[in-house]
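Working through the structure, step by step
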Amino acid sequence: MSHLKNQNFFELQFKPDLRISESVLLLDTTLREGEQTPNVFFKLEDKIKIAQLLDEFGVHMIEAGCPSVSKGVKVAVKSIAEQGLKAEVLAHVRANEQDINEAIDCDVDRVAIFLATSDIHLEYKLKKTREQVLDMIETSVRHAFNHGLKVRFTPEDATRSDPHFLIQACRIAYEAGADRVSIADTVGMLTPSGMQGFVKFMQRHLGNSVGIDVHCHNDLGLAAANALAGLEAGANCVHATVNGLGERTGITGLEEISVALSVVYGLDLGFKLDMLPKIAQFVERASGVVVGQQAVVVGDYAFSHKAGVHSAGVLANPKTYEIFSPELVGRRRQILVDRYAGKKAVEEKLKELGITVNDDQLSKIVKKIKEVADTKRNFYEEDILEIAEEVLQVSFRGISPSKVMGLISAKVDSSYYTSYIVRRMSALPLDRVYETSGEYEIVAIAQAESVPELNDLLEKIRAIEGVAHTNTKVILKQFETMNSNHSHTQFV
Ligand code: HCA
Ligand code: CU
């Protein structure tokens, strides 16, 4: 029952025959590929929480980890398999019986057995002949299948493998019991058209009884595009991680692929897209890998409009500059005011502050804003108020900035490294974090929409292992100084 929610946008792509089947599956591998991101270590509780969030979001498969990596990883895989999730739970394993037995101990639904098929991996990494590799595939897949596990086979570095050997390997895996194979673009070298050709080639030689996964690395920034191209060509499972985590530059992001499937292809796959900010934030904190401000869907700036022309358009009809509404993904749009702003944006901002003006006053305020904002990088809500006071010849002393600022000092337990705590704190939505001398080792500046939100942030800091106690000062008023240009807060 595939339908197009957004006919116009779709038609604009000049490819009305573009379709992705609504039976497409989404596999999340944040806990396996994502934990292969440099410096990432997920605690057991965090892994369970991430799996629960993903299950609630609606992913179809969760790749929970590779049990042979360590005892801790194995415990996590088993714990996730025991959660009774709707999603199919997988263990990622090498092509040997011991790895598979460890997965069997974990009670997972499926194993993803991976073994490289490219000559460069065979020669330098595996030091095995093609015959040996085929033999390992056959034996390991059969072993897992005979133990009642569903099996996916991943020819690692598939995209650099000899196509005929690749097909041979996949056929052997299929005959031994695998019902899916994964096109692993391990080094992220494909382009979208290359991926399309690849999927079609695989289908031509393997037939329709084998499901095809696409696993796209982002080394050239093409992971999401390649994944979509693969699905368009007929692959029916896509791999993703929250915030695009993974080895090196990561893989396709859950947020980008799930939203694209809904917005561009009009598919209703039952995902709770409005959970994305919460999931992204949880994984940001648990991983310590900060989400960029311009990240797709979940970045701070994803729904901010700045230039006057843009803001005016969006205020008249958000579709002028948004392909989907922020509410779809649980966000809100922001209209920014600085020297780029025009009358519409300023009028809107003043309205938010409870100030109504006539057209003449508005023009004067905008003119003055441009003058003042031309001299400095950061332009605050106080600045707008001050300008409005001057132009309107009234005092808005009763109006305080809509954001609450706090200066938070944290004392570090002597058995922890300060740098460890700073790193955890850096993943929180704080403006700045400083390591300091004196009684408190860390000082942070935070901005929140409200006092309860500031308290919430404080709770999160206190919850960091190793934070002994905190001391918070709420900032009542902020003053400009000679050097304020490099100040760090900006009211929007
Ligand atoms: C890796 C393996 C893998 C496997 C992908 C898959 C890859 O390099 O660690 O099983 O689909 O990128 O080849 O992540
Ligand atoms: Cu990978």
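Residues numbered from 1 in each chain as written. Chains lettered and ligands numbered in written order. Predicted model: local features only at pLDDT ≥ 70, side-chain atom pairs only at ≥ 80, totals over all residues. Heavy atoms only, no water.

Time to look at the coordination of the copper ion (ligand 2). Tetrahedral coordination by four donors puts the ideal angle at the metal at 109.5 degrees, and octahedral coordination by six puts it at 90 or 180 degrees. Those protein atoms acting as donors to the copper ion (ligand 2) are Glu33 (OE), His215 (NE2) and His217 (NE2), and they sit at 2.1 Å. Positions of the donor residues of the copper ion (ligand 2), expressed as sequence spacing, correspond to E-x181-H-x1-H. Here the residue glutamate 33 occupies a position in the loop between β1 (25–28) and α2 (44–57), and histidine 217 occupies one in the loop between β7 (211–216) and α9 (223–233), the gap between them amounting to 184 residues. Take glutamate 33: its relative accessible area is 2%, and that puts it in the buried class. (Donors = N, O, S within 2.8 Å, 3.2 Å for Na, K, Ca; no water. Helix = DSSP H or I, 4+ residues; strand = E, 2+ residues; numbered from the N terminus. Buried < 20%, exposed > 50% of the residue type's maximum accessible area, 1.4 Å probe, protein only.)

Two elements in contact, helix α14 (residues 359–373) and helix α15 (residues 381–392), have axes whose closest approach is 9 Å; the angle formed by their N-to-C orientations is 135 degrees. It follows that α14 is oblique to α15 by the angle criterion. The way α14 lies across α15 gives a crossing that is right-handed. Within the contact between the two elements, α14 uses Gln361, Lys364, Ile365, Lys368, Ile369 and Val372 and α15 uses Ile384, Ile387, Ala388, Glu390, Val391 and Leu392. Tallied by class, residues from the contact of α14 with α15 come to eight nonpolar, one polar and three charged. (Axes fitted to C-alpha atoms, helices over the stretch in contact; angles between N-to-C directions. Parallel < 35°, antiparallel > 145°, perpendicular 65-115°, else oblique. Left-handed = near helix turned anticlockwise from the far one by under 90°. Contact = heavy atoms within 4.5 Å. Nonpolar A, V, L, I, M, F, W, Y, C, P; charged D, E, K, R; others polar.)

Ligand 1 sits among 13 residues. The nearest are His92, Arg152, Thr154, Ser182 and Thr186. Glutamine 36 places a polar side-chain atom, nitrogen or oxygen, 3.2 Å from an oxygen atom of ligand 1. Summarising the interface, the protein chains cover 93% of the accessible area of ligand 1, which totals 360 Å² for the free molecule. Elements with a minimum of two residues in the shell around ligand 1: β5 (150–156) and β6 (180–185). Among the elements that line the shell around ligand 1, the one with the most residues is β5, at three residues. (Near = heavy atom within 4 Å. Polar contact = N/O pair within 3.5 Å; in protein donor to acceptor, adjacent residues only side chain to side chain. Areas by Shrake-Rupley, 256 points an atom, 1.4 Å probe, with all protein chains shown as cover.)

Bringing α14 into the picture now. Between its first and last C-alpha, α14 extends 21 Å over 15 residues, near the 21 Å set by a 1.5 Å rise per residue. Of all the positions in α14, only Leu362, Ile365, Val366, Ile369 and Ala373 are classed as buried. The buried residues of α14 occupy an angular sector of 100 degrees when projected down its axis, which confines them to one face. Its buried side turned inward, α14 meets α13 (343–352) and α15. The N-capping residue of α14, defined by a side-chain oxygen 3.1 Å from the backbone nitrogen of aspartate 360, is asparagine 358. (Expected span 1.5 Å × (residues − 1). Arc of directions from axis to C-beta.)

Time to look at the pairing of β5. Both faces of the sheet carry side chains from a regular strand, because those side chains alternate between them. Among the seven residues of β5, six are classified as buried, and the element is accordingly described as predominantly covered. With seven bridges connecting them, strand β4 (residues 110–116) and β5 associate as parallel partners. By the bridge assignment for β5, arginine 110 is matched with lysine 150. Sheet topology note: the β5/β6 ladder contains two bridges and is parallel. Looking at β6, one finds that arginine 152 is bridged to arginine 180. (Pairing = 2+ DSSP bridges.)

Looking now at the domain arrangement of the protein. What the domain assignment lists for the protein is domain 1 (19–287), domain 2 (304–392) and domain 3 (404–476). Counting residues at the interface gives six residues for domain 1 and six residues for domain 2. At the boundary of domain 1 with domain 2, total buried surface from both sides reaches about 470 Å², with 82% on carbon and sulfur atoms. Put simply, domain 1 and domain 2 have zero salt bridges between them. Applying the counting rule to domain 1 against domain 2 returns zero residue pairs in polar contact (both at pLDDT 80 or more). Elements represented by at least two residues in the side of domain 1 that touches domain 2 include exactly α10 (254–263) and α11 (276–287). When its residues are assigned to classes, the side of domain 1 that touches domain 2 shows five nonpolar, no polar and one charged. (Domains from an automatic or database assignment. Buried area = accessible area lost by both parts, 1.4 Å probe. Salt bridge = Lys/Arg side-chain N within 4 Å of Asp/Glu carboxyl O.)

Attention now goes to the pattern of salt bridges. Per the stated rule, a full pass over the model turns up 38 salt bridges. Between glutamate 63 and arginine 152 there is a salt bridge, with the nearest N and O atoms lying 2.9 Å from each other. Here arginine 152 lies in strand β5 and glutamate 63 lies in strand β2 (residues 61–65), a separation of 89 residues in the sequence. Here the two residues glutamate 63 and arginine 152 agree in accessibility, since each one is buried. Linking lysine 306 and aspartate 338 is a salt bridge whose minimum nitrogen-to-oxygen distance equals 3.2 Å. With lysine 306 in the loop between β9 (304–305) and α12 (308–316) and aspartate 338 in the loop between β10 (334–335) and α13, this pair connects stretches of sequence that are 32 residues apart.

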